Amino acid sequence: MRTAKFNIGQVVRHRHYPFRGVIFDVDPTFSNTDEWWEAIPEDVRPEKDQPFYHLLAENAETEYIAYVSEQNLVPDTSGEPIRHPQLNEIFEPDEHGQYRTRESILN
């Protein structure tokens, strides 16, 4: 098992598709349904034995929750804030354009 490359609160974007988001949870390996896995076209289906990230995600049209393999994420360096409606329930922005969990602010 590998160590996760990205952190909770980090802003990332998808390597191939036009969306970005902030990480709110990490699974050490794939932890979704077989139906979800099989719905991914085989030629772009990632390996299961890597970290998978839960994102408060957004694209040009909408906001949603995404589940993405580590191999398909890169850091987002745009500096643009995330507009996801659930963001403020979980995170507070920090001075570096990333996000801290509200729990970590209180501790």
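Just so we're clear, the structure is a prediction, and the values are computed from it rather than from any experiment.

How each quantity is defined
- Residues numbered from 1 in each chain as written.
- Predicted model: local features only at pLDDT ≥ 70, side-chain atom pairs only at ≥ 80, totals over all residues.
- Heavy atoms only, no water.
- Helix = DSSP H or I, 4+ residues; strand = E, 2+ residues; numbered from the N terminus.
- Polar contact = N/O pair within 3.5 Å; in protein donor to acceptor, adjacent residues only side chain to side chain.
- Contact = heavy atoms within 4.5 Å.
- Salt bridge = Lys/Arg side-chain N within 4 Å of Asp/Glu carboxyl O.
- Pairing = 2+ DSSP bridges.
- Axes fitted to C-alpha atoms, helices over the stretch in contact; angles between N-to-C directions.
- UniProt positions renumbered as here; feature names shortened; annotations may be inferred.
- Core = buried A, V, L, I, M, F, W, Y, C linked by side-chain atoms within 4.5 Å.
- Buried < 20%, exposed > 50% of the residue type's maximum accessible area, 1.4 Å probe, protein only.
- 1 Å grid on protein atoms, 1.4 Å probe; cavity = no way out; pocket = protein on both sides within 12 Å on 5 of 7 lines; lining within 4 Å.
- Points joined across faces, edges and corners; volume = space filled by probe spheres on them.
- Nonpolar A, V, L, I, M, F, W, Y, C, P; charged D, E, K, R; others polar.

Draft legend 1. Expanded view of the side chain of His84. For His84, the position within the fold is in the loop between β5 (73–75) and α2 (87–90). A distance of 3.2 Å separates a polar atom in the side chain of His84 from the backbone oxygen of Tyr64. In contact with His84, other than residues within four places in its own chain, are Leu56, Ala57, Glu58, Glu63, Tyr64 and Ile65.

Draft legend 2. Focus on the pattern of salt bridges. As enumerated under the stated definition, the model contains six salt bridges in all. The partner of Arg102 in a salt bridge is Glu92, with the nearest N and O atoms 3.0 Å apart. Taken together, the positions of Arg102 in helix α3 (residues 102–106) and Glu92 in strand β6 (residues 91–93) put the pair 10 residues apart, joining distant regions of the chain.

Draft legend 3. View of the sheet that holds strand β1 (residues 11–14). On the basis of which strands lie adjacent, the open sheet formed by five strands has the order β4-β3-β2-β1-β5 and antiparallel pairing. For this open sheet the edge positions go to β4 (63–69) and β5, each flanked by a neighbour on one side alone. Going from strand to strand, the sheet's axes swing by 45 degrees on average, the running direction of each strand aside. Looking at chain direction, strand β2 (residues 20–27) and strand β3 (residues 52–58) are connected through seven bridges and run antiparallel. Counterpart to Ile23 in the pairing with β3 is Leu55.

Draft legend 4. Structural detail: the UniProt feature "domain: Hemimethylated DNA-binding" (unreviewed entry) in the protein chain. As annotated by UniProt and renumbered to match this structure, "domain: Hemimethylated DNA-binding" (unreviewed entry) occupies residues 3–102. End C-alpha to end C-alpha, residues 3–102 measures 24 Å, and it is 11% helix and 35% strand.

Draft legend 5. Molecular detail of the nonpolar core. Judged by nonpolar contacts, Phe6, Val12, Phe19, Ile23, Tyr53, Leu55, Ala57, Ala66, Val68 and Leu73 together constitute the single largest core of 10 residues. If you list the elements that add at least two residues to this core, you get β3 and β4. Ranked by residues supplied to this core, first place goes to β3 with three residues. Ala57 has contacts with Phe19, Arg20, Gly21, Thr62, Glu63, Tyr64, Ala66 and His84, leaving out every residue within four places of it along the chain. Counting seven residues, the second-largest nonpolar core is a separate cluster that includes Val22, Leu56, Leu87 and Phe91.

Draft legend 6. Focus on the layout of surface pockets. Put simply, the largest pocket is a space of about 320 Å³. Forming the boundary of the largest pocket are 16 residues, of which His14, Tyr17, Ile40, Val44 and Asn72 lie nearest the centre. Of all elements in the fold, only α1 (34–39) and β4 reach the threshold of two or more residues within the lining of the largest pocket. Ranked by residues supplied to the lining of the largest pocket, first place goes to β4 with four residues. Of the residues assigned to the lining of the largest pocket, the class counts are 12 nonpolar, four polar and no charged.

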